[in-house]
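One-letter residues, chain by chain:
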Amino acid sequence: MTTNTRGLKNKDDQGWGATRSLGDTSRRGHALATTWQALWIQQLYRVFLGRSAKAVELLRHQGQLAAGLDPAKLARALAESREGRTLTVQGLYRRYLGRSADPVGLTHYRKALAGGRTRVQIERDLLVSAEYAAVQGGTLPGWLRGLYQDVHGRAPDAAGFQYFAHDLAHDEHSKAAVALVFLDSHERREGWVRACFVEVLGRSPAPNELSSWVRSLAAGADLDEIRYGLAASLVTPDACLGPRLGSSPHAVKKTSAAATRSSRSPWGSRCRAKPA
């Protein structure tokens, strides 16, 4: 050990300094873990409940995660809570009927979701309702144009419009079947995956990510499974720096550091684009 002219220990002796450095690193690591967990939980609340988490909710969920709770299960629990289902039903009413759900409709569909009905089944109910038809002008062509716009987010193509208009002209009761064709189409699946990536990760999917999730939907996965999977993929310290995750419905893989730095952080401004 050496001393300088003031009688203080030189930095040649690294014992205490090294110990302090390790301690600082540990504290920084704990602070980072606390930060990214809090950010991730806040993101879950914004996506699945449409609001920020309260301090007591943050502490409770951080404790659950520390105890080993599967992140995907936490995402699902929020989405399937009474508050989460209320947000889902209200969103569908505003999307298709242009208004908030009335108390009777809200209670009915919230119970339906709790009982196992899917988002697509509720969408179909709203699309074939007399109210939706009235919103679209009360004519079959108007209803069909509304279907293209509200499900696919675009004007109808001439060939497709003619095909479905012919079916509807011969059997108005085929509305439910036509609506289901739209809701279960490849175009709708692609639109839903793209919107989920923007909503949850704050970016568009890469081509391989898009095709992987679309295949998962075609194989029978529920629409909301994508949101749960993408949300769970964020629960890593790297997510705070801007994730490039969610590459597969079955496995989450990290990309290169360069790709991570170039991605948009989901904790900044987010587009609340409706899944289409």
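Worth saying up front: this structure is predicted, and the values here are computed from it rather than measured. Numbers given to residues run from 1 along each chain, matching the order in which its sequence is written. Given that this is a predicted model, residues contribute local features only at a pLDDT of at least 70 and side-chain atom pairs are listed and counted only at 80 or more, while totals for whole chains, interfaces and linings are drawn from all residues. Only hydrogens and water are removed before side-chain values are computed, so all heavy atoms of the structure are retained for them.

Let us now look at the overall build of the chain. A run of H or I in DSSP becomes a helix once it reaches four residues, and a run of E becomes a strand once it reaches two; helices and strands are each numbered from the N terminus. When helices and strands are tallied, the chain shows 14 helices and 0 strands. Taken from the N to the C terminus, the helices and strands of the chain come in the order α-α-α-α-α-α-α-α-α-α-α-α-α-α. The rule is simple: take the accessible area with a 1.4 Å probe, protein chains only, and divide by the maximum for that residue type; under 20% is buried, over 50% is exposed, in between is partly exposed. Looking at the chain as a whole, 42% of its 276 residues are labelled buried. Put simply, the chain shows about 14600 Å² of open surface, and 57% of that area lies on carbon and sulfur atoms. Where accessible areas are quoted, they stem from the Shrake-Rupley method and a 1.4 Å probe; at the residue level, only the protein chains shown are allowed to cover.

Our focus in this paragraph is the environment of Leu217. Residue position: Leu217 is located in helix α12 (residues 207–218). Along the sequence, Leu217 and Val193 sit 24 residues apart, while their C-alpha atoms lie 9.3 Å from each other. Between two residues, a contact is recorded if the distance between any of their heavy atoms is within 4.5 Å. In contact with Leu217, not counting residues within four places along its chain, are Arg189, Trp192, Val193, Asp222, Leu223 and Ile226.

A few words now on the confidence of the model for the chain. Confidence of the predictor at the level of single residues is captured by pLDDT, which takes values from 0 to 100. Across the chain, pLDDT averages 79, with 72% of residues at or above 70. Low pLDDT, under 50, characterises residues 2–25; the stretch is placed with 9 contacts to residues that sit more than four places away or in other chains. Confidence drops under a pLDDT of 50 for residues 237–276, and excluding neighbours within four residues, the segment shows 92 contacts in the predicted structure.

Let us now look at the pattern of salt bridges. For salt bridges, the criterion is a side-chain nitrogen of Lys or Arg within 4 Å of an Asp or Glu carboxyl oxygen. Taken as a whole, this structure holds 15 salt bridges when the rule is applied. Notably, a salt bridge pairs Glu131 with Arg99, separated by 2.6 Å at the nearest N-O pair. Of this pair, Glu131 sits in helix α7 (residues 130–135) while Arg99 sits in the loop between α4 (82–97) and α5 (103–114); the two residues are 32 residues apart in sequence, bridging distant segments of the chain. For Glu131, a relative accessible area of 31% puts it in the partly exposed group. Judged by its relative accessible area of 27%, Arg99 falls in the partly exposed class. Residues joined in a network through salt bridges with shared partners are Arg119, Glu199, Asp224 and Arg227.

If you trace the backbone, Thr88 turns up in helix α4. The class of Thr88 is buried, set by a relative accessible area of 18%.

Here we come to the environment of Glu199. Among the secondary structure elements, Glu199 is positioned in helix α11 (residues 186–201). Given the relative accessible area of 7%, Glu199 is considered buried. Along the sequence, Glu199 and Leu230 sit 31 residues apart, while their C-alpha atoms lie 9.8 Å from each other. Polar contact is defined as a pair of N or O atoms within 3.5 Å, subject to the rule that within protein one atom must be able to donate a hydrogen and the other to accept it, and that residues adjacent in sequence are counted only when both atoms are side-chain atoms. Only 3.2 Å separates the side chain of Glu199 from the side chain of Arg227, close enough to count as a polar contact.

Here the focus is the nonpolar core. Buried together is how nonpolar side chains tend to be arranged in soluble globular proteins. One finds Leu44, Phe48, Val193, Ile226 and Leu230 to be the most contacted residues of the largest nonpolar core, which totals 30 residues. Secondary structure elements with two or more residues in this core: α1 (15–48), α2 (55–66), α3 (71–79), α11, α12 and α13 (223–233). Look past the residues within four positions of Val193 in its chain and what remains in contact with it is Leu210, Trp213, Val214, Leu217 and Ile226. With 27 residues, the next largest nonpolar core counts Trp143, Leu144, Leu168 and Ala179 among its residues. Put simply, buried Ala, Val, Leu, Ile, Met, Phe, Trp, Tyr and Cys residues joined by side-chain atoms within 4.5 Å make one nonpolar core.

A separate point is the side chain of Ser233. Its place among the elements puts Ser233 in helix α13. Taking the relative accessible area as the measure of exposure, Ser233 reaches 3% and is therefore buried. Within the local environment of Ser233, its side chain forms a polar contact with the backbone oxygen of Leu230, the two atoms lying 2.6 Å apart.

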